[in-house]
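Fold and contact review
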Amino acid sequence: MHQYPLWKTLTLIVVALFGALYALPNLYGEAPAVQIATSSGDPVPSDLGAQVAKALEAGHIAATASRAEKGGQWVVLFSDPETQLKAEDVLQRELGSAYVASLNLASTTPSWLGKLGARPMPLGLDLRGGVHLLLEVDIADARKSAVQRYLTDLPNYLRGQDIRYTARRVAGDAVQLEFADADKLEKARAAIAKSYKELDVSVVQGAPAPTLQARMSDAEAKRIVDYAVQQNLVTLRNRVNRLGVTEPIVQRQGQNRILLQLPGLQDPARAKEVIGNTATLEYRAVDETPGAAQSAAASGIVPPDDDLFYTRDSHQPVLLKKDVIASGPQLLDATPTIDPQSGTPAVSVTLDSAGAAKMFAFTRANVGKPMGVLYKETLFDTNYNAEGVAMRERRDVQTVISVANIREPFGKRFQTTGLQQKEAATLSDLLKSGALAAPIVIVEERTVGPSLGADNIRRGTHAAIAGFVIVVVFMAVYYTVFGLFADVALMLNMIILVALLSIFQATLTMPGIAGIVLTLGMAVDANVLINERIREELRAGLTPQAAMTAGYERAFLTIADSNVTTFIAAAVLFLFGQGAIKGFAVTLMLGIATSMFTAIVGTRTLAHYVFKGRKLKDLPV
């Protein structure tokens, strides 16, 4: 009598039970929720649940569940969107600026499944709803900022080399330096060419005075653009984490664009506010020349080493030196506070080591002299032309919020006043998540509502069920009992596939559903090969048991060959594809593995125990 390995039977039982357990969370749906995270990005405190319950009770709002999430956030579930909206307003008001409350969707999976690590598959934007943003990095601004840095760094370097210049200026995307004679120009050219190899240094012909021009090379310009985009990617990921979005997509597209998808997020205005803001501070020395600021404002002629700005409240002109003592990337932390002397909003600032050293050196050398604080913010206004087409216009806000005398040297930590309360909180949030290396513009925006996502799920589910039912009926009719074995294996294949997608937390999208439907066809294809091979062996005169054994063994190589080639194609799609293509490839690769297991081991085990010990004259295949 044919002996079937016991380990195969036990493996099939364990895998089936394991698959059923980890696929189970997907039967539970999602409910409207408010996701709460700290503004700093730190995990929420252990007593936040009590604060949330107290706030909801005061607002007469009933929650269906309230729990801590693994990502260090707190989520509160509600029965309907109306209650969710009301709760978000109450929680944001009661918890204050230390927390960010966002509208979201949360799983209703029971806690006992969560303790076992069983979670539902994350759904993509097309199935769950959410916000889709295509952002464009302002590479012109990145290059302009680099030129401004060279305008400060090159003169400082030349002074350190004891090479004097008479004037400096920006000419397009280059820095020009004037010298008293050709000898000093030649020394400067040799020094800059040696230490700044990324610059193309040349002599300006026909200039009234010996003039040297330093321009970024093409390779350096490309490096600066790449750095700006990569830095913005990191910063955007940090800012998105504060929104409490599950499985966000933040990836580069092309030279200077970034794709941002936030599944489940229902508050696009909040997303744009957190993501796109570029507020920062600059600390500069003040030009103390009497009457110089008023003269520059009246005549429009600004001294070459100065920039003209205006104070926020009184709109008085102020001349600040071009050299920046400390600014955005050097500001590691900022905490909103209240100035004890004036009672006005303030920000407690912490600088990195380089910024702290420069700030200490400046303040030590300039005690009793004024220092200005410049608040900079890039805004994009949407206006409509005569045809009703939306036109986005950039607006740079630069205002002096404080001019104060330095009373004593300071470096790493100090306090800045002059900010409005909202600005202090916003600036604190932005600095903690990192500064954008260049401003970003939203060039495409789409919001997928939860109802549309639910409709996509319903359509995809109907398509999968329809395909499944047709295949099941066909197999049962055409291959009778062995067709029923294939149907059971097909059901097991679906359960294991969903369980694996849930375990790996692979984001399911509409192309992913297409991959599942394709997996159904491939799983049936394997069973068709096996059943046809058994029929051939029966026609060749083998006994039913021998024909069944030979059919499985001899069909294996054909099944493996077809599946391996498809797996390789799916792997290539995964390696070189993006977004939905990756989702399709992941689903297809997992589906190939599960379909081979269920088609070969699953149906073989069923056939063995059904026909075990029976004297057969033929097989119902």
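The paragraphs below set out a description of the structure included in this document. Just so it is clear, the structure is predicted and the values come from calculations on it, not from any experiment.

Quick notes on the rules
- Residues numbered from 1 in each chain as written.
- Predicted model: local features only at pLDDT ≥ 70, side-chain atom pairs only at ≥ 80, totals over all residues.
- Heavy atoms only, no water.
- Helix = DSSP H or I, 4+ residues; strand = E, 2+ residues; numbered from the N terminus.
- Buried < 20%, exposed > 50% of the residue type's maximum accessible area, 1.4 Å probe, protein only.
- Contact = heavy atoms within 4.5 Å.
- Areas by Shrake-Rupley, 256 points an atom, 1.4 Å probe, with all protein chains shown as cover.
- Phe/Tyr/Trp six-rings, centres within 6.5 Å; stacked < 30°, edge-to-face > 60°.
- Pairing = 2+ DSSP bridges.
- Axes fitted to C-alpha atoms, helices over the stretch in contact; angles between N-to-C directions.
- Polar contact = N/O pair within 3.5 Å; in protein donor to acceptor, adjacent residues only side chain to side chain.
- Patch = residues over 30% accessible without salt bridge, like charges linked within 9 Å, V, L, I, M, F, W, Y side chains within 5 Å.
- Salt bridge = Lys/Arg side-chain N within 4 Å of Asp/Glu carboxyl O.
- Left-handed = near helix turned anticlockwise from the far one by under 90°.
- Nonpolar A, V, L, I, M, F, W, Y, C, P; charged D, E, K, R; others polar.
- Core = buried A, V, L, I, M, F, W, Y, C linked by side-chain atoms within 4.5 Å.
- Expected span 1.5 Å × (residues − 1).

1. As for the overall build of the chain
In terms of helices and strands, the chain carries 16 helices and 20 strands. Relative to its 621 residues, the chain shows a buried fraction of 47%. Sequence-distant contacts, at least 24 apart, represent 72% of the contacts inside the chain between residues at least 6 apart. By element, 58% of the accessible surface of the chain is carried by carbon and sulfur atoms, the whole surface being about 30,200 Å².

2. Structural notes on the packing of aromatic side chains
The full count for this structure, using the stated rule, is 10 aromatic pairs. Note on phenylalanine 474 and tyrosine 478: the rings are 5.5 Å apart at their centroids and 10 degrees apart in plane angle, and the pair reads as stacked. Here phenylalanine 474 pairs with tyrosine 478, and both are found in helix α13 (residues 450-503), just four residues apart, close to one helical turn. By relative accessible area, tyrosine 478 is classed as partly exposed at 42%. Centre to centre, the rings of phenylalanine 482 and phenylalanine 485 are 5.3 Å apart; their planes meet at 70 degrees, and the pair counts as edge-to-face. Taken as a pair, phenylalanine 482 and phenylalanine 485 lie in helix α13 at a separation of three residues, close to a single helical turn. The two residues phenylalanine 482 and phenylalanine 485 agree in class, both being buried.

3. Side note on the pairing of strand β9 (residues 211-216)
Taken residue by residue, a regular strand's side chains alternate between the two faces of the sheet. Summarising burial for β9: five of the six residues are buried, a large majority. Taken together, the five bridges between strand β7 (residues 174-178) and β9 define a ladder with antiparallel strand orientation. When the sheet's bridge partners are listed, valine 175 is paired in β9 with alanine 214. Here five bridges tie strand β8 (residues 199-203) to β9, and the two strands are oriented antiparallel to one another. By the bridge assignment for β9, serine 202 is matched with glutamine 213.

4. Remarks on the sheet that holds β8
Read across the sheet, four strands follow the order β6-β7-β9-β8 without closing on themselves; strand pairing throughout is antiparallel. Each having just a single partner strand, β6 (167-171) and β8 make up the two edges of the open sheet. Neighbour-to-neighbour, the strand axes of the sheet open up by a mean angle of 20 degrees, direction not taken into account.

5. Some details on the side chain of arginine 284
Residue position: arginine 284 is located in strand β12 (residues 280-286). Arginine 284 gets classed as buried once you look at its relative accessible area, which sits at 5%. Side chain to side chain, arginine 284 and glutamate 282 meet in a polar contact 2.8 Å long. If near-sequence neighbours (up to four positions away) are discounted, arginine 284 is found in contact with Asp307, Phe309, Leu320, Lys321, Lys322, Asp323, Val324, Ile325, Met371, Gly372 and Leu374.

6. Focus: a nonpolar patch on the surface
A surface patch of nonpolar side chains, about 610 Å² in accessible area, is lined by Val564, Ile568, Val572, Phe574, Leu575 and Phe576. Tracing the chain through its elements places phenylalanine 576 in helix α15 (residues 544-576). The class of phenylalanine 576 is exposed, set by a relative accessible area of 67%.

7. Description of the pattern of salt bridges
Counted according to the given criterion, the structure contains 23 salt bridges. One salt bridge in this structure joins arginine 143 and aspartate 173, with 3.7 Å as the shortest N-O distance. Placement of arginine 143 in helix α6 (residues 139-160) and of aspartate 173 in the loop between β6 and β7 is noted, with a sequence separation of 30 residues between them. The class for arginine 143 is partly exposed, based on a relative accessible area of 31%. With a closest N to O distance of 3.0 Å, arginine 168 and aspartate 305 form a salt bridge. Here arginine 168 is found in strand β6, whereas its partner aspartate 305 is found in the loop between α10 (292-299) and β13 (306-310), with 137 residues between them in sequence. When its relative accessible area of 7% is taken as the criterion, arginine 168 is described as buried. Taken together, the salt bridges that share partners define one network made up of Glu282, Arg284, Asp307, Lys322 and Lys376.

8. Looking at the packing of α6 against helix α7 (residues 182-195)
Across the interface, α6 lies against α7 with an axial gap of 11 Å and an inter-helix angle of 115 degrees. Relative to α7, α6 is oriented so that their crossing is right-handed. Residue-level inspection shows Leu154, Tyr157 and Leu158 of α6 in contact with α7, the latter providing Ala188, Ala191, Ile192 and Ser195. For the contact of α6 with α7, the per-class residue count stands at six nonpolar, one polar and no charged.

9. A word on the environment of alanine 182
Among the structural elements, alanine 182 can be located in helix α7. As for alanine 182 and leucine 212, which are separated by 30 residues in sequence, their C-alpha atoms are 9.9 Å apart.

10. Some thoughts on the sheet that holds strand β5 (residues 130-137)
Read from one edge of the open sheet, four strands run β10-β11-β5-β20, paired in antiparallel fashion. Strands with a single pairing partner mark the edges of an open sheet, and in this sheet they are β10 (249-253) and β20 (440-448). Taken pair by pair, the neighbouring strands of this sheet meet at an average axis angle of 15 degrees, ignoring direction. Here helix α8 (residues 218-241) sits on the sheet in contact with β5, β10, β11 (257-263) and β20, set at roughly 170 degrees to β10.

11. Topic: the pairing of β5
The element β5 is largely enclosed, with a buried count of seven among its eight residues. The pairing of β5 with β20 spans eight bridges and is classified as antiparallel. Within β20, the position partnered with leucine 135 by the bridge is isoleucine 442.

12. Section: unusual backbone geometry
Within the chain, aspartate 162 stands out as a residue other than glycine whose phi angle is a positive 60 degrees. One non-glycine residue, threonine 480, lies in positive phi territory at about 45 degrees. Note that threonine 480 resides in helix α13.

13. A word on the nonpolar core
One recurring pattern in soluble globular proteins: nonpolar side chains tend to sit buried together. With 44 residues, the main nonpolar core has Phe482, Ile534, Met548 and Leu619 as its most contacted residues. Looking at this core, the elements with two or more residues in it are α1 (6-23), α13, α14 (510-539), α15 and α16 (580-611). Take this core: its biggest share by element is 12 residues, from α13. In contact with leucine 619, not counting residues within four places along its chain, are Phe482, Ile534, Leu538, Pro544, Met548 and Phe611. Judged by nonpolar contacts, the second largest core, of 43 residues, contains Leu151, Ile192, Val240 and Leu265.

14. Topic: helix α3 (residues 81-95)
Here α3 spans 21 Å end to end across 15 residues, near enough to the 21 Å set by a 1.5 Å rise per residue. By the burial criterion, the buried members of α3 are Thr83, Gln84, Ala87, Glu88, Val90, Leu91 and Leu95. Two or three places before glutamate 82, at the start of α3, stands the capping residue aspartate 80, its side-chain oxygen 3.2 Å from that residue's backbone nitrogen.

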